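Reading the structure
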Amino acid sequence: MQVGLLFFFSIFWGFYPLSNAIFTFPQDRPMLIRERSSAMYRLSSYYFARMAGDLPMELVLPTIFVTITYWMGGLRPSPITFVLTVLIILFNVLVSQGLGLALGAILIDLKQASTLSSVIMLVFLLAGGYYIQQIPPFISWLKYISFSHYCYKLLVEVQYMETEVYDCPTGIHCRVIDFPAIKYLGVDHLWWDVAALGIMLVGYRFLAYVALRMGKSH
């Protein structure tokens, strides 16, 4: 079972882009204020140009990483599954980056943004469904706002089939979907998971733009 590797994919490529994206707008703020005061360009032009300029490096690194570790980790040797895994990770990177941009645009202060991002990722780590399956009901809703949770679910859903089995400690064959970490996830509703990440992708980036526009008016 390589469930732990899949969870690592979702967490690492959630935290890394998030922590990098936080620095984007606070570092650009002095230049942006100066050039915007001269009416050199619209805020939307800067925003979309910044997004497009960051895409190559944001997508190349995880692609190389997954290409190497996927085959080393003994995951399903299927080209289709490999491509789907890469696409899910890239989707997760874009969502994570969007949250980092939103935090950086809202807080501006790098220390506050970095601290908040660490707390958020720790919460997502615990609510992801791998380390803890018995989460108290009053905080169980946290997994539904965690992009890492949806990424992890998608990775598991494309990696394992319902009819697949593994060797249990008792020496018998058990179904993969009955493995505790997977059973807790519920490997179904794939398109709902995709939709949830899509909403986060658009929502975080829209929030970042609104925060920049509101900050510009002060």
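Before reading on, note that the structure itself is shown above.
Notes on the structure in this doc start here. Quick caveat: nothing in here was measured; it's all calculated off a predicted structure.

One finds L6, I89, L99 and F147 to be the most contacted residues of the largest nonpolar core, which totals 38 residues. At the level of elements, α1 (3–21), α3 (43–72), α4 (79–107), α5 (110–127), α6 (147–159), α7 (180–185) and α8 (190–216) are the ones that each hand at least two residues to this core. Sorting elements by how many residues they give to this core places α4 first, with nine residues. Among all residues touching L6, those that are not within four sequence positions of it are L75, Y152, L155, V156, Q159 and Y160. L32, M51, L101 and A102 belong to the second-largest nonpolar core, a separate cluster that totals 14 residues.

Counted at 1.5 Å a residue, the expected span for α1 with its 19 residues is 27 Å, and the 28 Å between its end C-alpha atoms agrees. Listed in full, the buried residues belonging to α1 are V3, L6, F7, F9, S10, I11, W13, G14, P17, L18, S19 and A21.

Here we come to the layout of surface pockets. The probe, sized like a water molecule, is rolled over the atoms to show the empty space still left. The computed volume of the largest pocket comes to approximately 160 Å³. Considering the residues around the largest pocket, the lining is formed by L84, L87, I88, F91, L154, V158, L190, W191 and V194. Secondary structure elements with two or more residues in the lining of the largest pocket: α4, α6 and α8. If you tally residues by element for the lining of the largest pocket, the top one is α4, at four residues. Classifying every residue of the lining of the largest pocket by side-chain character gives nine nonpolar, no polar and no charged.

About the thresholds
Residues numbered from 1 in each chain as written. Predicted model: local features only at pLDDT ≥ 70, side-chain atom pairs only at ≥ 80, totals over all residues. Heavy atoms only, no water. Core = buried A, V, L, I, M, F, W, Y, C linked by side-chain atoms within 4.5 Å. Buried < 20%, exposed > 50% of the residue type's maximum accessible area, 1.4 Å probe, protein only. Helix = DSSP H or I, 4+ residues; strand = E, 2+ residues; numbered from the N terminus. Contact = heavy atoms within 4.5 Å. Expected span 1.5 Å × (residues − 1). 1 Å grid on protein atoms, 1.4 Å probe; cavity = no way out; pocket = protein on both sides within 12 Å on 5 of 7 lines; lining within 4 Å. Points joined across faces, edges and corners; volume = space filled by probe spheres on them. Nonpolar A, V, L, I, M, F, W, Y, C, P; charged D, E, K, R; others polar.

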